[in-house]
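Here's the letter readout for the chains.
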Amino acid sequence: MTIHATKPLGIEFAATWGTTKQYPTEAPCDNQEEPTMKKWLLGAVFLLLIAFVMIQFIPVDRTNPPVLSDIPTEPEVKAVLQALCYDCHSHETVWPWYSRIAPVSWRVAKDVHKGREELNFSMWDQYTTQEQVKKMRESLKEVAAGEMPPWFYTPTHRGLHLSAEDRMMLRTWADGPL
Ligand code: HEC
């Protein structure tokens, strides 16, 4: 029964071979296309994986240099600044786990180094009095404008939100005399 059913197909093939003297090329090619695509995708994923592993070996500067000085202020004010700002503006950075994974680590390190350049509470005494006043006023402005801490910092540091009391404290510190 089954032999009968396949018979016409066999005849068709024989006919094609006989007339064109060529192997039927279309049907087998169609079948091969999917595995080739899969292989290509697998290769791409594999290459990406290799690249991801390789970039982990690029050194990232996550050093915390010695604390040379600190802001002279009440512990409550310092606690607020420490929680919100010290990770990027001091030598007391607590490097989060994702600061160990490239390429995120590059961004974190860049922010910390740039942040320390702009304002470094661990080198407070190195600033002149005028500079200190300027940095305090700027800090207040940045916080009031919602620019600092940066928007991407707060979600990764849960429990960080400035209460009205914290804001008042920062204002008193930043507006106050040295
Ligand atoms: C995630 C890192 C990070 C945190 C946290 C952070 N900053 Fe910054 N800060 C930066 C970077 C990077 C710069 C320099 C580039 C810029 O202006 O965006 C900067 C710049 C500044 C400047 C200089 C701005 C200027 O335009 O000259 C001040 C002042 C400042 N930050 C205050 C603060 C204060 C106050 C806090 C805490 C309430 C804080 N920052 C928290 C990264 C941070």
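Each remark here, short or long, concerns the structure printed above.
Participant: Go over the overall build of the chain, please, and point to the residues and values.
Facilitator: Each helix and strand counted, the chain has seven helices and zero strands in total. Secondary structure elements in the chain, listed N-terminal to C-terminal, are α-α-α-α-α-α-α. Looking at the chain as a whole, 14% of its 178 residues qualify as buried. At a minimum sequence separation of 6, the contacts of the chain that also span at least 24 residues come to 80%.

Participant: Could you give me a rundown of helix 5 (residues 104-118), with the residues and numbers involved?
Facilitator: A rise of 1.5 Å per residue sets the reference length of helix 5, with its 15 residues, at 21 Å; its end C-alpha atoms lie 21 Å apart and thus fit the reference within 8%. Residues Ser105, Val108, Val112 and Gly115 constitute the buried set of helix 5. Around the axis of helix 5, the buried residues are gathered within 105° of arc, so they sit on the same side. Along helix 5, exposed side chains directed more than 90 degrees from the buried face belong to Lys110, His113, Lys114, Glu117 and Glu118. Packed against the buried residues of helix 5 are helix 4 (86-89).

Participant: Lay out the nonpolar core with the relevant residues and their values.
Facilitator: If you look at the biggest cluster of nonpolar residues, it comprises 13 residues, and the most contacted ones within it are Val80, Leu81, Leu84, Cys85 and Leu170. Those elements giving two or more residues to this core turn out to be helix 3 (75-84), helix 5 and helix 7 (164-175). In this structure leucine 84 touches Pro149 and Leu160, once residues within four positions along its chain are discounted.

Participant: I'd like a description of helix 3, backed by residues and values.
Facilitator: Listing the buried residues of helix 3 in full gives Val80, Leu81 and Leu84. Burial along helix 3 is one-sided: seen end-on, the buried residues are contained in an arc of 95°. Turned more than 90 degrees off the buried face of helix 3, the exposed positions are Pro75 and Ala79.

Participant: Got a sec to walk through the packing of helix 3 against helix 7? Specific residues and values, please.
Facilitator: Two elements in contact, helix 3 and helix 7, have axes separated by 10 Å at closest approach and are oriented at 110°. Between helix 3 and helix 7, the angle is such that the two are roughly perpendicular. Of helix 7, the residues touching helix 3 (which contributes Glu76, Val77 and Val80) are Asp166, Met169, Leu170 and Trp173. When its residues are assigned to classes, the contact of helix 3 with helix 7 shows five nonpolar, no polar and two charged.

Participant: An account of the site of the ligand is needed here, citing residue identities and associated values.
Facilitator: Close to the ligand lie 19 residues, the nearest being Cys85, Cys88, Gly115, Ser139 and Met148. Those elements that place two or more of their residues in the shell around the ligand are helix 4, helix 5 and helix 6 (129-144). The element contributing the most residues to the shell around the ligand is helix 6, with five residues. Of the residues that constitute the shell around the ligand, the class distribution is nine nonpolar, three polar and seven charged.

Participant: Give a description of the environment of leucine 162 that names residues and reports values.
Facilitator: Mapped onto the fold, leucine 162 is located in the loop between helix 6 and helix 7. Assessed through the 16 C-beta atoms surrounding it within 10 Å, leucine 162 is described here as partly exposed.

Participant: Residues and numbers for unusual backbone geometry, please.
Facilitator: For the bond running from alanine 102 to proline 103, omega is 5°, close enough to zero to count as cis. Of note, proline 103 is situated in the loop between helix 4 and helix 5. Going from methionine 148 to proline 149, the amide bond is cis rather than trans, its omega being -10°. Topologically, proline 149 is positioned in the loop between helix 6 and helix 7.

Reading guide: rules and limits
- Residues numbered from 1 in each chain as written.
- Predicted model: local features only at pLDDT ≥ 70, side-chain atom pairs only at ≥ 80, totals over all residues.
- Helix = DSSP H or I, 4+ residues; strand = E, 2+ residues; numbered from the N terminus.
- Buried ≥ 20, exposed ≤ 12 C-beta atoms within 10 Å, placed from the backbone.
- Contact = placed C-beta atoms within 7 Å.
- Expected span 1.5 Å × (residues − 1).
- Arc of directions from axis to C-beta.
- Core = buried A, V, L, I, M, F, W, Y, C linked by C-beta atoms within 7 Å.
- Axes fitted to C-alpha atoms, helices over the stretch in contact; angles between N-to-C directions.
- Parallel < 35°, antiparallel > 145°, perpendicular 65-115°, else oblique.
- Nonpolar A, V, L, I, M, F, W, Y, C, P; charged D, E, K, R; others polar.
- Near = placed C-beta within 6 Å.

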